[in-house]
Amino acid sequence: MAADLRCDDALLLVDDQQIPVGADLGLFLPDRGLWGGVLRRVPEWVAGAVKNADAVRLRLSSGHERRIRPLGAPGDETSVPFIGEGTAPF
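The rules we used
Residues numbered from 1 in each chain as written. Predicted model: local features only at pLDDT ≥ 70, side-chain atom pairs only at ≥ 80, totals over all residues. Heavy atoms only, no water. Helix = DSSP H or I, 4+ residues; strand = E, 2+ residues; numbered from the N terminus. Buried < 20%, exposed > 50% of the residue type's maximum accessible area, 1.4 Å probe, protein only. Contact = heavy atoms within 4.5 Å. Areas by Shrake-Rupley, 256 points an atom, 1.4 Å probe, with all protein chains shown as cover. Pairing = 2+ DSSP bridges. Axes fitted to C-alpha atoms, helices over the stretch in contact; angles between N-to-C directions. Arc of directions from axis to C-beta. Patch = residues over 30% accessible without salt bridge, like charges linked within 9 Å, V, L, I, M, F, W, Y side chains within 5 Å. Salt bridge = Lys/Arg side-chain N within 4 Å of Asp/Glu carboxyl O. Core = buried A, V, L, I, M, F, W, Y, C linked by side-chain atoms within 4.5 Å.

When helices and strands are tallied, the protein chain shows one helix and six strands. Along its sequence from the N terminus, the protein chain presents helices and strands in the succession β-β-β-α-β-β-β. Among the 90 residues that make up the protein chain, the fraction classed as buried is 38%. Long-range contacts, defined here as pairs at least 24 residues apart, represent 51% of the contacts in the protein chain between residues at least 6 apart. When the accessible surface of the protein chain is summed, it comes to about 5,000 Å², and 51% of that surface belongs to carbon and sulfur atoms.

This part takes up the sheet that holds strand 5 (residues 65-70). One closed barrel accounts for six strands, arranged 1-2-3-6-5-4; its pairing is antiparallel. On average, adjacent strands in this sheet sit at an angle of 45 degrees to one another, irrespective of strand direction. Summarising the sheet, strand 2 (residues 17-29) and strand 3 (residues 34-40) pair through seven bridges and their orientation is antiparallel. Looking at strand 3, one finds that Gly-26 is bridged to Gly-36.

Our next topic: helix 1 (residues 44-52). All of the buried residues along helix 1 are Val-46, Ala-47 and Val-50. Looking straight down helix 1, one finds that the buried residues subtend no more than 110 degrees of arc, so they occupy a single side. Exposed residues on helix 1 whose side chains face more than 90 degrees from its buried face are Glu-44, Trp-45 and Asn-52.

With that out of the way, let us pick up a nonpolar patch on the surface. Together, Phe-28, Leu-29 and Leu-34 make up a nonpolar patch on the protein surface, roughly 210 Å² of accessible area in all. Relative to the helices and strands, Phe-28 resides in strand 2.

As a further point, take unusual backbone geometry. Notably, Asp-15 is not glycine yet its phi reads approximately 55 degrees, a positive angle. Within the fold, Asp-15 resides in the loop between strand 1 (6-14) and strand 2. When its relative accessible area of 61% is taken as the criterion, Asp-15 is described as exposed. We note that Arg-41 has phi near 60 degrees; this positive angle belongs to a residue other than glycine. By the element assignment, Arg-41 lies in the loop between strand 3 and helix 1.

With that settled, consider the nonpolar core. If you look at the biggest cluster of nonpolar residues, it comprises 21 residues, and the most contacted ones within it are Leu-12, Val-21, Leu-39, Leu-58 and Ile-68. Those elements that place two or more of their residues in this core are strand 1, strand 2, strand 3, helix 1, strand 4 (56-60) and strand 6 (80-84). When near neighbours in sequence (up to four residues on either side) are disregarded, Leu-58 contacts Ala-10, Leu-11, Leu-12, Val-21, Ala-23, Leu-25, Leu-39, His-64, Glu-65, Arg-66, Ile-68 and Phe-82.

Structure, rendered in structure tokens:
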């Protein structure tokens, strides 16, 4: 993860749910634009739903919204690592 990690309050959009979360964001490969991070304060029931949903989106406080893909199992009940799709929203 890049040294210029960004922390933001965000909305996790899963199906018809909007869940307030924290997001630690950064660029994995800056020259390729590959970005992702860790969602924090994710309710336990949402962590499972995120893995099974067809489309999961993250809306940052700036209004930027991108589709994300969870990576593996949640680190614990309140954090979920993910990779972002498209250009970095920051």
